[in-house]
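Here is what each chain is made of, one letter per residue.
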Amino acid sequence: MTATPTTIEHLDRGPLDKHELAALVAADIPDGAFVNLGIGQPTTVADHLAPEQGVVLHTENGMLGMGRAAVGDEVDPDLINAGKVPVIETPGASYFHHADSFAMMRGGHLDVCVLGAFQVSKGGDLANWHTGAPDAIPAVGGAMDLAIGAKDVFVMMSLFTRDGASKLVESCTYPLTGRACVSRVYTDHAVIEVGTAGAQVLSTYGISLAQLRERTGLALA
Amino acid sequence: MTAQHLTDPAEAVADIPDGATVLIGGFGLAGQPTELIDALREHGAADLTVVNNNAGNGDHGLAALLATGNVRKIICSFPRQSDSWVFDDLYRTGRIELEVVPQGNLAERMRAAGAGIGAFFSPTGVGTPLAEGKEQRTIDGRDYVLEHPIKGDFALIKAHRADRMGNLVYRKTARNFGPVMATAATTTVVQVSEVVETGELDPENVVTPSIFVDRVVLT
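First things first, this report covers the structure right here in the doc. As the structure is a computational prediction, the values presented were derived from the model and not from experiment.

### Comments concerning the environment of Leu146 of chain A
All names here are of chain A.
Next, step 1: Looking at the secondary structure, you find Leu146 in helix 3 (residues 143-149).
Next, step 2: Placed 13 residues apart in sequence, Leu146 and Ala133 show a C-alpha to C-alpha distance of 23 Å.
Next, step 3: Look past the residues within four positions of Leu146 in its chain and what remains in contact with it is Asn36, Met105, Leu110, Cys113, Leu115 and Val153.

Encoded structure:
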């Protein structure tokens, strides 16, 4: 049996800002990985990937080898990312149709995807597509396919809502996107492994493990 | 049979009847067959079911078609966008029916229709509200949801180049749903920006073979 990893507490600093969080996620992406970055905050992870990592970005609308956002004359309405923002190709890029694009997810070919979330449970359940509000228009896009498809699903989010409620929860109250699919949660206050074995805090930022347990109300290891 | 070549989008959609299911290509505006959609809007077929990834952007193309009130139901993965006000208003006032489908299931359901598959078990959506009421099965320890094909009466798609036979190549991410929808409809109508003579497309590079294409409109 392997020893339980110890939580590294960074108490000499405050919580991570958005750039630090994106850099932390980028540093944990394995060299040469095929990666899908979700719309919004996860997209900023691309800015922190080092060229020598050799990471290949996948976009659900049919491209591997997606490059940065297009500027000026590079803008081509036929070349956009999942957020419908014009992007550029990188050498070695390829295009394919939607059924192939989602076969890459569902078939377990993508190494990592990074998604935002409303809530993640200790067991790795993900809720990120619908608030459940009666007047909300439901829109799921590729989130459910990504959640159950990639080998590793990283979630990137603030740990607390504006009201101070923990978004890492015992069990999700929002409608689920996927069951037991998240492997790791990157937040401003802590990086936490989740899964059927429970939640294991890998590191904290500006908060101790004891304070984290108190503020989340969770039995975190 | 060689694809029929037309110059008038109106002629290409003139036989779409009331009540038809129409698969419309595009992801946002990339690959959206705007001229064919405009022709369908002017044609005026009513009570349509439309399948698209989204539910229209701004006031043009698919959004303008929805605005006519001729679309009874839309099947899509992501209706809500910053510029989907036409759909949002129809939906909130109960004037359009919405079936939200995870994007990969949407593509695969059309692929299944085109490939003669009766139904398939997908892991996507298990344990979520979108799986409610659907048959589930555990296969080799993993849970799946039964999903049925989506077959179109017509597909309206956009490609970059066609030859006289109807073989197609696409351009960059505008390919998206086009090749899948081309297989999944009884009648597939394609708008292209260039038509070349048969033999001018490298057979190794053809993305949609002509067998899936019925009508080509140069726009």
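Continuing now.
### Re the interface of chain A and chain B
Interface size, as often reported, equals the accessible area lost upon joining of the parts.
Next, step 1: Facing the 36 residues of chain A at the interface are 43 residues of chain B.
Next, step 2: On the chain A side of the interface with chain B, the three residues burying the most area are Asp78, His98 and Ile137 of chain A, jointly 22% of the side's total.
Next, step 3: Summed over the shared surface of chain A and chain B, the result is four salt bridges.
Next, step 4: Measuring nitrogen to oxygen at the nearest pair gives 2.6 Å for the salt bridge that ties Asp143 of chain B to Arg179 of chain A.
Next, step 5: At the boundary of chain A and chain B, one finds 21 residue pairs in polar contact (both at pLDDT 80 or more).
Next, step 6: Every element with two or more residues in the side of chain A that touches chain B is listed here: strand 5 (87-95), helix 2 (98-106) and helix 3 of chain A.
Next, step 7: For the side of chain A that touches chain B, the element with the most residues is helix 2 of chain A, which contributes four residues.
Next, step 8: For the side of chain A that touches chain B, the class distribution of residues is 18 nonpolar, nine polar and nine charged.

### Some words on the sheet that holds strand 8 (residues 142-147) of chain B
Residue and element names in this part refer to chain B.
Next, step 1: Overall, antiparallel pairing links the three strands, which are arranged 6-8-7 in an open sheet. Every other strand in the sheet has two partners, leaving strand 6 (120-122) and strand 7 (136-139) as the edge strands with one partner each. Here the average twist between neighbouring strands, direction ignored, is 45 degrees.
Next, step 2: With four bridges joining them, strand 7 and strand 8 adopt antiparallel strand pairing. Paired with Arg137 across the two strands is Tyr144, which belongs to strand 8.
Next, step 3: Its contacts with the sheet put helix 5 (residues 103-115) on strand 6 and strand 8, and the angle it makes with strand 6 is roughly 165 degrees.

### Re the pairing of strand 8 of chain B
Next, step 1: Direction of pairing for strand 6 of chain B relative to strand 8 of chain B: antiparallel, over a ladder of three bridges. Counted as the bridge partner of Phe121 of chain B is Leu146 of chain B from strand 8 of chain B.

### Observations regarding the pattern of salt bridges
All names here are of chain B.
Next, step 1: Counted under the stated rule, the structure contains 25 salt bridges over all chains.
Next, step 2: The shortest N-O distance in the salt bridge between Glu97 and Arg72 comes to 3.3 Å. Of the two residues, Glu97 sits in strand 5 (residues 97-100) while Arg72 sits in strand 4 (residues 71-76), which places them 25 residues apart along the sequence.
Next, step 3: For Glu97, a relative accessible area of 38% gives the class partly exposed.
Next, step 4: Residues joined by salt bridges that share partners form a network here, namely Asp47, Arg72, Lys73, Glu97, Glu99, Arg109, Lys134 and Glu147.

### Re the environment of Gly92 of chain A
Next, step 1: Inspection of the secondary structure puts Gly92 of chain A in strand 5.
Next, step 2: Each C-alpha atom, one on Gly92 of chain A and one on Met66 of chain A, is 9.6 Å from the other, the two residues being 26 residues apart in sequence.

Reading guide: rules and limits
- Position labels on residues start from 1 in each chain and follow its written sequence.
- Chains and ligands are labelled by the order in which they are written, letters from A for the one and numbers from 1 for the other.
- Residue-level local features of this predicted model are given only where pLDDT is at least 70; pairs of side-chain atoms are given and counted only at 80 or more, and the full residue set underlies all totals for whole chains, interfaces and linings.
- To obtain the side-chain values, all non-hydrogen atoms of the structure were used and water was disregarded.
- A run of DSSP states H or I qualifies as a helix once it reaches four residues; a run of E qualifies as a strand once it reaches two. Both are numbered from the N-terminal end.
- Residue contacts are counted whenever heavy atoms from the two residues lie within 4.5 Å of one another.
- Joining two parts hides part of their accessible area as seen by a 1.4 Å probe, and the buried area is that hidden amount summed over both.
- Counted as salt bridges are all cases of a side-chain nitrogen of Lys or Arg within 4 Å of a carboxyl oxygen of Asp or Glu.
- Under the rule applied, a polar contact is a pair of N or O atoms within 3.5 Å (in protein, one hydrogen donor and one hydrogen acceptor; residues adjacent in sequence only if both atoms are side-chain atoms).
- Note on residue categories: nonpolar means Ala, Val, Leu, Ile, Met, Phe, Trp, Tyr, Cys or Pro, charged means Asp, Glu, Lys or Arg, and polar means any other residue, Gly included.
- Only strands that DSSP links by at least two bridges are regarded as paired with each other.
- The axes are straight lines fitted to the C-alpha atoms, using for helices just the contacting stretch, and the angles between their N-to-C directions are given from 0 to 180°.
- Relative accessibility decides the category of a residue: with a 1.4 Å probe and only protein chains considered, values under 20% of the type maximum give buried, values over 50% give exposed, and everything between is partly exposed.

Take it as geometry only, folks, not as evidence of what the structure does.
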